[in-house]
Amino acid sequence: MTASDSNMRQQVLVLYLQTSSLDSPVVAWSQYDGTAEQLFMAGDSDKPPYATGLHALKQGWRLFQASQLNPHNSGDEFQTAYLKYEFFFEKWLPQQ
Amino acid sequence: MNMALNNTQMATFAARGFLRFDAVVPEEINHQFLSDIGDVSPQPDTVKGHYANIMRSSVVPLVSPGIKLSQAYPPSNALNKLIQVPQVKGAISSLVGVDPVLDHHFLHIAFPPNYWPEDAPAQRSQHTHQDSTIDPRAAFDIQLFYFPHDVTANMGGTRFIPGSQYRRVSEAAIARYQNIKGQQHVVCTAGTVIIFHMGLWHGGGLNKSEQLRYMFKIRLCPSERQVRLWDMNEAEHAQSARPIFWTDGSNPPDNLHAILTNPEPWYEADTERLEYINRVKFWRYISGDKNFDADYWLTRIENDYV
């Protein structure tokens, strides 16, 4: 089966890691389920679904996007803002 | 009674962005507040209907932004009694001065499932967000979160992220983050007040109980330069630098430098150090001491000879 199959639905896992390395610990996470089997929402779990990004790969998640490493703007080097190390994973499953 | 914040409380606020005062508001004030807003005998209603009834009743005063807090509430109003509670009054004056300005207030209600129509979309918790908008000031506002009744785990108490207050983000742009390691969910007894730095990330939880959940929020702004407003222990502030990296292993938890360099479990490895720097900058602002440092984080990068 391919992702273009009309009967397939995407599940998305977003992991935020402690460093830019995929094998570093998870510090934040989100999940979205296109199969509608599960409804995820803010604050619904206090324990990460995987210890690291690598653990997610080993469970069959396919990485499709990672945040870039950008240089720090002059004068703004110490300003923190959004979570830095964001990794998007997906699985494709048949609609039940 | 002087209930101003002490150094440990102020450093905790600088590091974590909140202070929690459990059950400090007397029961008679909690009861008056709930009675005033019409929660004496709650009947299942609609969400819109319940809000409309409370707003029509005018028991929560209508106030325009910019009014002095001292003029915002009638003396007999429960909210006036709330801000006179010694611990609350002491914390307000320590953080935003004795004569702060009221930005706005709002009664947040988390409705139980029976208030929603059967065909309504599945209810969700509120996205995590930072209130107001991008705010680059050195000065800071505070937000009082008042919980007038017991909040159990299934009532969806406010969720917040300790140590997020210096992250400069744009309101709900952070909604993508569903869960963050170390997030807290408010579970408390009646009369609890939690004071947030304006930048603290938070969101309302999903109420799965059979009861309405109320939380009254008041945003306060300083009307003076926020410097040395708390019960400052000068000697502790002026303590000399402690050994860093190579140490004897002792680390008293209430040491000012230790509090300011205590990480949160969700910080990235590198931004953890930036958060220490931002905490030290905050402490310099509120102490007026531009040379203050904790564990050499700012001194090291200020050692320049251009």
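Every value quoted in this text rests on a predicted model; they were computed, and no experiment measured them.

**Focus: the overall build of chain A**
Along the backbone of chain A there are one helix and four strands. Each helix and strand of chain A, placed in order from N terminus to C terminus, yields the pattern β-β-α-β-β. Referenced to the eigenvectors of the C-alpha coordinate spread, the extents of chain A come out at roughly 50 × 30 × 20 Å. For chain A, contacts bridging at least 24 residues in sequence account for 66% of all contacts bridging at least 6.

**A closer look at the overall build of chain B**
Along its length, chain B carries nine helices and 10 strands. For chain B, the C-alpha radius of gyration of 21 Å lies close to 19 Å, the compact-globule estimate for 306 residues. For chain B, the spread of C-alpha atoms along the three principal axes comes to 70 × 40 × 35 Å. Of the contacts made within chain B by residues no fewer than 6 positions apart, 85% connect residues no fewer than 24 positions apart.

**A look at the interface of chain A and chain B**
Taken together, the contact between chain A and chain B spans 24 residues of the former and 31 residues of the latter. It is strand β2 (residues 26-33) of chain A that contributes the most residues to the side of chain A that touches chain B, four residues altogether. A class-by-class count of the residues in the side of chain A that touches chain B yields 14 nonpolar, seven polar and three charged. Note: β2 of chain A against strand β6 (residues 179-180) of chain B, two bridges, orientation antiparallel. What sits directly across from A28 of chain A, in β6 of chain B, is I180 of chain B.

**Some words on the nonpolar core**
In terms of nonpolar packing, the biggest core is built from 89 residues, with L15 and Y16 of chain A together with L82, V193, I195, L260 and V280 of chain B touching the most fellow members. Take this core: its biggest share by element is six residues, from helix α8 (residues 271-287) of chain B. A domain split of this core shows at least three residues from each of domain 1 (7-221) and domain 2 (234-302) of chain B. The contact partners of I195 of chain B, leaving out residues within four places of it in the chain, are F18, L19, A91, L95, I142 and L144 of chain B.

**Quick word on helix α1 (residues 7-16) of chain B**
Residue and element names in this part refer to chain B. Counting buried residues along α1, eight of its 10 residues qualify, which places the element largely inside the surrounding structure. Taken together, the buried positions of α1 are occupied by Q9, M10, A11, T12, F13, A14, A15 and R16. Packing partners of the buried residues in α1 comprise β1 (18-21), α5 (86-96), β8 (192-197), α7 (256-260) and α8. Where α1 ends, the next residue or the one after it, G17, has phi of about 85 degrees, a positive value.

**Comments concerning the domain arrangement of chain B**
Residues and elements named next belong to chain B. When cut into domains, chain B gives domain 1 (7-221) and domain 2 (234-302). Averaged C-alpha coordinates put domain 1 and domain 2 at centres separated by 30 Å. Contact residues are listed per partner, giving 13 residues for domain 1 and 17 residues for domain 2. Of the residues forming the side of domain 1 that touches domain 2, the biggest block, six residues, is contributed by α1.

**A short note on the sheet that holds strand β9 (residues 202-203) of chain B**
Residue and element names in this part refer to chain B. Spatially, three strands are ordered β7-β5-β9 in an open sheet, and the strand pairing comes out antiparallel. Strands at the two margins of the open sheet, each flanked by one partner only, are β7 (184-185) and β9. Sheet analysis places strand β5 (residues 159-160) next to β9, joined by two bridges and oriented antiparallel. Directly across from R159, in β9, lies its bridge partner G203.

**Comments concerning the pairing of strand β3 (residues 101-110) of chain B**
All names here are of chain B. The sheet contact formed by strand β2 (residues 67-68) and β3 spans two bridges and is antiparallel. Along β3, the bridge assignment pairs K68 with V101. The pairing of β3 with strand β10 (residues 213-221) spans nine bridges and is antiparallel. Paired with L102 across the bridge in β10 is L220.

**Quick notes on unusual backbone geometry**
Residue and element names in this part refer to chain B. Unlike most non-glycine residues, E171 shows phi in positive territory, near 45 degrees. By secondary structure assignment, the location of E171 is in the loop between β5 and β6. Classification of E171 by C-beta neighbours within 10 Å gives partly exposed; the count is 13. Of note, the phi angle at D295 is positive, near 55 degrees, even though the residue is not glycine.

**Here we look at the environment of S93 of chain B**
All names here are of chain B. Turning to its location among the elements, S93 is positioned in helix α5. For S93, a count of 18 C-beta atoms within 10 Å gives the class partly exposed. The residues touching S93, leaving out its near neighbours within four places in the chain, are A4, V98 and L229.

**Some points on the sheet that holds β2 of chain A**
The strand order across the open sheet built from five strands is β3(A)-β4(A)-β1(A)-β2(A)-β6(B), with neighbouring strands paired in antiparallel fashion. The open sheet terminates on both sides in strands that have one partner only, identified here as β3 (62-66) of chain A together with β6 of chain B. With nine bridges connecting them, strand β1 (residues 8-17) of chain A and strand β4 (residues 86-94) of chain A associate as antiparallel partners. What sits directly across from M8 of chain A, in β4 of chain A, is P94 of chain A.

Thresholds, definitions, all that
Residues numbered from 1 in each chain as written. Chains lettered and ligands numbered in written order. Predicted model: local features only at pLDDT ≥ 70, side-chain atom pairs only at ≥ 80, totals over all residues. Helix = DSSP H or I, 4+ residues; strand = E, 2+ residues; numbered from the N terminus. Contact = placed C-beta atoms within 7 Å. Rg over C-alpha atoms; globule rule 2.2 N^0.38 Å. Nonpolar A, V, L, I, M, F, W, Y, C, P; charged D, E, K, R; others polar. Pairing = 2+ DSSP bridges. Core = buried A, V, L, I, M, F, W, Y, C linked by C-beta atoms within 7 Å. Buried ≥ 20, exposed ≤ 12 C-beta atoms within 10 Å, placed from the backbone. Domains from an automatic or database assignment.

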